[in-house]
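Structural features, examined
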Amino acid sequence: MAELIFNTSLNYLILALGIFMLLSESPSPANAASVQYNVVSLGAKADGKTDSSKAFLSAWVSACGSTSAATVYVPQGRFLVQSASFNGPCKNSAVTVRIDGTLVAPSNYNLNGNTGNWIILSHVTGVSVIGGTLDGQGKGLWACKLSRKSCPSGATNLEISNSQNVLVSGLSSLNSQMFHIVINACQNVKMQGVKVSASGTSPNTDGIHIGASTGVTILNSKIGTGDDCVSIGPGSNNLWIENIACGPGHGISIGSLGKDQQEDGVQNVTVKTVTFTGTQNGVRIKSWARSSNSFARNILFQHATMNNVQNPIIIDQNYCPDSGCPSQASGVRVSDVTYQDIHGTSATEVAVKFDCSSKYPCTGIRMQDVKLTYLNQVATASCAHAGGAASGTEQPASCL
Ligand SMILES: *[C@@H]1O[C@H](CO)[C@@H](O)[C@H](O)[C@H]1NC(C)=O
């Protein structure tokens, strides 16, 4: 009996709590209160073959021009979109692009392969992109590139540029011709639950590239592609990258830096809780071997699991992806880089490689609890011009 009374009051408590939560839920820009522009009502066809670019643009222009919160809505289905530029500035700072369906790029890469970007979001403040799939149909262009014919350089699936306060949640990017997602010259961008998928042999298909941006957060995302899962270019700082599955791909890279003499550096980057599976690199910093005033500093790589990774930990200041690279001392100053709790398996004997600049040696490299094996044995570490300290478990033995 006592138990029954207890259970009943518990139920009331839960009920009351539920009602309270319902009532206190604040209206979000994505809810029904905001004006909605449905691309299908504006003429888009979910048949995968009628170009719906115009309908997407007119939905955007209306939502962006609305003086209060507004939503572009893309229902289920496949929509062929030859190109889409969602440009601001907008009249409100709560535009939501809610996508239940798939945007499909033209399969003929000659139609958009020279445009740089397929879908662009630029000069906006306060935009959320929720859900959706972007299918770049890049296979034809990859085949062209791999056959070494002269081909268009390819379009990025989604570029977000010159924008602030952008959220991308639950978006999937498939088979981009070039980079999947680029964040360029932005402040305060959050990406969560993003999925990137392309063949491990697809050329230049970086998952998420961040350049010249401040305050970018990438959470809970799964990236498998033919180039870097995440790449971080010059002028990026205050980045937080957490809970990522990477592979196939080339790992998470800072760089390439130091291509130009005058270049903004990278600082304050946290990369934590990442699993790398079968990737070319794990956590990497790379720079060209030439003169530059660039830098990479205050970097933390924490809690990484390596599964059969070729270069689990690498700083490469003689980066050379092709022939004909410069071969001077890199001018890029690499300092205060911490590796903490990095464990798993290396696919090569050298699991830790610091190949720093002879002119500007790496300083303040800290290693704490690193345990990497190669074929069930202890792997090796290789250092050139690298200074710092190691503590805790160190397998391979530190060469700092
Ligand atoms: C470093 O970046 C984080 C965001 O990732 C930010 O919260 C923090 O304030 C930044 N630290 C400094 C010193 O700028």
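Rules of the game
Every chain is numbered on its own, with residues counted from 1 as its sequence reads. The model is predicted, so local features are restricted to residues of pLDDT at least 70 and side-chain atom pairs to those at 80 or more, both for listing and for counting; the totals for chains, interfaces and linings are taken over all residues. Neither water nor hydrogens contribute to the side-chain values; these are computed over all heavy atoms in the structure. In this description a helix means any DSSP run of H or I spanning at least four residues, a strand means any run of E spanning at least two, and both kinds are numbered starting from the N terminus. It is over C-alpha atoms that the radius of gyration is taken, and the globule rule equals 2.2 Å times the number of residues to the power 0.38. For every residue, the accessible area (1.4 Å probe, protein chains only) is compared with the maximum for its type, and the residue is labelled buried under 20%, exposed over 50%, or partly exposed between those bounds. Any two residues having at least one pair of non-hydrogen atoms within 4.5 Å are treated as being in contact. The accessible surface values rely on the Shrake-Rupley method and a 1.4 Å probe; as for residues, cover is taken only from the protein chains in view. Here Asp and Glu are counted as negative and Lys and Arg as positive; His is not counted, and neither are the chain ends. For the purpose of locating charges, the reference atoms are NZ of Lys, CZ of Arg, CG of Asp and CD of Glu. Any residue with a non-hydrogen atom lying within 4 Å of a molecule or strand is treated as near it. In protein, a polar contact means a hydrogen-donor-capable atom and an acceptor-capable atom, both N or O and within 3.5 Å, with residues adjacent in sequence counting only if both atoms are side-chain atoms; elsewhere, any N or O pair within 3.5 Å suffices. Classification used: nonpolar for Ala, Val, Leu, Ile, Met, Phe, Trp, Tyr, Cys and Pro, charged for Asp, Glu, Lys and Arg, polar for all others including Gly. Buried Ala, Val, Leu, Ile, Met, Phe, Trp, Tyr and Cys residues that are joined via side-chain atoms within 4.5 Å together make up what is termed a nonpolar core. Salt bridge, as used here, is a side-chain nitrogen of Lys or Arg placed within 4 Å of a carboxyl oxygen of Asp or Glu. Defined by distance alone, a disulfide is two cysteine sulfur atoms within 2.5 Å. UniProt positions are given in the numbering used here, feature names are shortened, and annotations may be inferred rather than shown by experiment. A residue's pLDDT is the predictor's confidence in that residue, given on a scale from 0 to 100. Here a helix's expected span is defined as the number of its residues, less one, multiplied by 1.5 Å. As used here, the arc is the angular range of directions from the helix axis to the C-beta atoms.

Counting its secondary structure elements, the protein chain contains four helices and 29 strands. Its C-alpha atoms give the protein chain a radius of gyration of 24 Å, within 12% of the compact-globule value 21 Å for 400 residues. Its C-alpha atoms put the protein chain at 75 × 60 × 35 Å along the principal axes. Counting across all 400 residues of the protein chain, residues that qualify as buried make up 48%. For the protein chain, restricting intrachain contacts to residue pairs at least 6 apart in sequence, the fraction spanning at least 24 positions comes to 75%. Element-wise, carbon and sulfur atoms account for 51% of the exposed surface of the protein chain, whose accessible area totals about 17,400 Å². Averaging the positions of the 24 positive and the 22 negative side-chain charges in the protein chain gives two centres separated by 7 Å.

Let's shift gears to the site of the ligand. Near the ligand the following residues occur: N238, L239, W240 and N268. Between an oxygen atom of the ligand and a side-chain N or O atom of N268, the distance comes to 2.3 Å. Summarising the interface, the protein chains cover 38% of the accessible area of the ligand, which totals 360 Å² for the free molecule. Element by element, the count of residues in the shell around the ligand is highest for strand β18 (residues 237-246), at three residues. Considered class by class, the residues forming the shell around the ligand number two nonpolar, two polar and no charged.

Let's shift gears to the nonpolar core. Core analysis: the largest hydrophobic core is formed by 87 residues, its most contacted members being W60, I254, F301, I313, Y339 and F354. The contact partners of Y339, leaving out residues within four places of it in the chain, are V283, I285, F301, I313, I315, F354, I365, R366, M367, Q368 and V370.

Time to look at the pattern of salt bridges. In a structure, side chains of opposite charge can pair up when their charged atoms sit close to one another. Taken as a whole and judged by the stated rule, the model has four salt bridges. A salt bridge links D135 to R78, with the nearest nitrogen and oxygen atoms 3.5 Å apart. Residue D135 is located in strand β8 (residues 125-135), and its partner R78 is located in strand β4 (residues 78-80); the two are separated by 57 residues in the primary sequence. Two residues, D336 and R366, come together in a salt bridge whose shortest N-O distance is 3.2 Å. Taken together, the positions of D336 in strand β24 (residues 333-346) and R366 in strand β26 (residues 362-374) put the pair 30 residues apart, joining distant regions of the chain. For D336, a relative accessible area of 30% gives the class partly exposed. Judged by its relative accessible area of 39%, R366 is partly exposed.

A separate point is the state of the cysteines. Applying the stated criterion across every chain, the model contains six disulfides. Two residues share a disulfide in this structure: C229 and C246, whose sulfurs sit 2.2 Å from each other. Disulfide C229 to C246: torsion about the S-S bond roughly 85°, handedness right-handed. Separated by 17 residues along the polypeptide, C229 in the loop between β16 (214-224) and β17 (230-232) and C246 in strand β18 bring together distant segments of the chain. The class for C246 is buried, based on a relative accessible area of 2%. Note on cysteine connectivity: C320 is disulfide-linked to C325, with sulfurs 2.2 Å apart. Taking the sign of the torsion about the S-S bond as the criterion, the disulfide between C320 and C325, at about 90°, is right-handed. For C320, a relative accessible area of 39% gives the class partly exposed. When the bonded cysteines of the protein chain are numbered from the N-terminus onward, they pair as 1-2, 3-4, 5-6, 7-8, 9-10, 11-12.

With that out of the way, let us pick up the UniProt feature "active site" (unreviewed entry) in the protein chain. Feature annotation in UniProt places "active site" (unreviewed entry) on H250, given in this structure's numbering. Note on placement: H250 falls in the loop between β18 and β19 (252-257). In this structure, H250 is in contact with G226, D227, D228, C229, Q280, N281 and R284, ignoring residues within four places of it in sequence. For H250, the side chain forms a polar contact with the main-chain oxygen of G226, separated by 3.2 Å.

As for its placement among the helices and strands, S163 is situated in the loop between β9 (156-161) and β10 (164-169). Within polar-contact distance, the side chain of S163 engages the backbone nitrogen of H123 at 3.2 Å. Within the structure, the side chain of S163 is placed 3.0 Å from the backbone nitrogen of V124, a separation counted as a polar contact. Ignoring any residue separated from it by four or fewer positions in sequence, one finds S163 in contact with L121, S122, H123, V124, A185, C186 and Q187.

Put simply, the protein chain has an average pLDDT of 93, and 92% of its residues get 70 or more. Within the protein chain, no element has a lower average pLDDT than helix α1 (residues 2-24), which sits at 41, and none a higher one than β18, at 99.

Okay, helix α2 (residues 53-65) next. The terminal C-alpha atoms of α2 lie 18 Å apart, and with 13 residues this matches the ideal 18 Å at 1.5 Å per residue to within 8%. Of all the positions in α2, only S53, A55, F56, A59, W60, A63 and C64 are classed as buried. Here the buried residues of α2 occupy an arc of 165° about the axis, which is enough to place them on one side.

As a rule of thumb, non-glycine residues mostly have phi less than zero, and peptide bonds are mostly trans rather than cis. Residues G88 and P89 are joined by a peptide bond in cis, for which omega reads 0°. If you trace the backbone, P89 turns up in the loop between β5 (84-87) and β6 (95-104). Here Q395 and P396 are connected by a cis peptide whose omega angle stands at 5°. In this fold, P396 is placed in the segment after β29 (386-395). The phi dihedral of A212 falls on the positive side, at around 50°, and the residue is not glycine. Relative to the elements of secondary structure, A212 occurs in the loop between β15 (208-211) and β16. Even without a glycine there, the phi angle at N298 is positive, about 55°. With respect to the helices and strands, N298 occurs in strand β22 (residues 295-309).

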